[in-house]
Amino acid sequence: LTGCTVRVYGSHGISKSAAVVAQGPKVLEAIGIKDAHCIVLNAVNLSPDDAVSAAPVRVPDPNDPEHMTMVLKDIIMEQLVPNKPAILIVDDSLQGMSIVQNQLMQLAQEWSLGSFNLREHGICAVIFLDNPELSETMTSVEDVAQLDRFITYEVTDQDTGPAVKLWLANQYPDRDLTKVF
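Residues numbered from 1 in each chain as written. Predicted model: local features only at pLDDT ≥ 70, side-chain atom pairs only at ≥ 80, totals over all residues. Heavy atoms only, no water.

*Asks:* What am I meant to see in the overall build of the protein chain here?
*Replies:* Per the secondary structure count, the protein chain includes four helices and nine strands. N-terminal to C-terminal, the α/β element order of the protein chain is β-α-β-β-β-β-α-β-β-β-α-β-α. Within the protein chain, contacts between residues separated by at least 24 positions form 69% of all contacts whose residues are at least 6 apart in sequence. (Helix = DSSP H or I, 4+ residues; strand = E, 2+ residues; numbered from the N terminus. Contact = heavy atoms within 4.5 Å.)

Spelled out as structure tokens, the structure:
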């Protein structure tokens, strides 16, 4: 599935993030990509003034360790490991502000971050995790063309490993999923 952007919808609290972090590297290993790690970008923490690659982070003030200060951290590029594949997970992308969501579409559509090609930096998969309930999002997906840009899958708390495996096996009959499940 490398080169594909995936969006997984599911209700709040059903462990979408934990499942992708745990199973994502196994899926890549099943198709021959070993030792992948996950980079998690939480869209809620991004502000309109920040590029997707930089986000404000609270750190202890070097002059006064009792107080916290805000610094910009390059949260994607600093997590890349040379010659080690990675899965970029964008958690709660629909909870980010509209301007942030527009920046995230560059990741989804072009697999780039400014002038950086994500593939050249070892990114093998881009996965967006979202809650479909409007009460938990800043907006609904308004761009119908996104249907062509994402492999979209909805999970519920009733989904089981075998049901997901059967769905994936039907979608990708040329892939061996036995190592993943």
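Now, onward.
*Asks:* Help me understand the pattern of salt bridges, please; the structure alone is not making it clear to me.
*Replies:* Side chains that differ in sign of charge can pair as their charged atoms come close. By the definition in use, this model includes one salt bridge. In this structure, Asp-130 engages Arg-7 in a salt bridge whose closest nitrogen and oxygen atoms are separated by 3.0 Å. Taken together, the residues Asp-130 in strand β8 (residues 123-130) and Arg-7 in strand β1 (residues 5-10) connect sequence positions 123 residues apart. You can call Asp-130 buried: its relative accessible area is 1%. According to the relative accessible area criterion, Arg-7 is buried, its value standing at 4%. (Salt bridge = Lys/Arg side-chain N within 4 Å of Asp/Glu carboxyl O. Buried < 20%, exposed > 50% of the residue type's maximum accessible area, 1.4 Å probe, protein only.)

*Asks:* What is the right way to look at unusual backbone geometry in this model?
*Replies:* Excluding glycine, a negative phi dihedral is what most residues carry, and trans is how most peptide bonds are arranged. Even without being a glycine, Asp-35 presents a positive backbone phi close to 60 degrees. Within the secondary structure, Asp-35 sits in the loop between α1 (16-30) and β2 (37-42).

*Asks:* Would you mind going over helix α2 (residues 98-110) with me for this structure?
*Replies:* Since one α-helical turn is 3.6 residues long, residues separated by three or four positions face the same way. Under the 1.5 Å per step criterion, the end-to-end length of α2 is 18 Å for 13 residues, consistent within 8% with the ideal 18 Å. Within the span of α2, buried status applies to Val-100, Gln-101, Leu-104, Met-105, Leu-107 and Ala-108. Looking one or two residues beyond α2, the residue adopting positive phi is Trp-111, at roughly 55 degrees. (Expected span 1.5 Å × (residues − 1).)

*Asks:* Mind showing me how you'd approach α1 here?
*Replies:* Its 15 residues give α1 an end-to-end C-alpha distance of 20 Å, which sits within 8% of 21 Å, the value for a rise of 1.5 Å per residue. In α1, a bend of some 35 degrees at Gln-23 exceeds every other bend along the element, and Pro-25, a proline, comes one to four places later. Residues Lys-16, Val-20, Gly-24, Pro-25, Leu-28 and Ala-30 constitute the buried set of α1. Phi turns positive, to about 100 degrees, at Gly-32, one or two residues after α1. (Bend = angle between axes of the 7 residues up to and from the residue.)

*Asks:* Looking at this model, I keep getting lost on the nonpolar core. Mind explaining?
*Replies:* Generally speaking, nonpolar side chains in soluble globular proteins are found buried as a group. Leu-41, Leu-88, Val-90, Leu-104, Leu-107, Leu-118 and Ile-123 are the most contacted members of the largest nonpolar core, which totals 21 residues. If you list the elements that add at least two residues to this core, you get β2, β5 (86-91), α2 and β8. Take this core: its biggest share by element is five residues, from α2. Among all residues touching Val-90, those that are not within four sequence positions of it are Leu-41, Ala-43, Leu-104, Leu-107, Ile-127, Phe-128 and Leu-129. Counting 13 residues, the second largest nonpolar core, distinct from the first, contains Val-6, Val-8, Val-20 and Leu-28. (Core = buried A, V, L, I, M, F, W, Y, C linked by side-chain atoms within 4.5 Å.)

*Asks:* What is the right way to read the pairing of β5 from this model?
*Replies:* A regular strand carries its side chains on alternate faces of the sheet. For β5, the tally of buried residues reaches six of six residues, placing the bulk of the element in the interior. Neither face of β5 is exposed, since Ala-86, Leu-88 and Val-90 on one face and Ile-87, Ile-89 and Asp-91 on the opposite face are all buried. By the bridge criterion, six bridges tie β2 to β5 in an arrangement that is parallel. For Asn-42, the partnering residue across the bridge sits in β5 and is Asp-91. (Pairing = 2+ DSSP bridges.)

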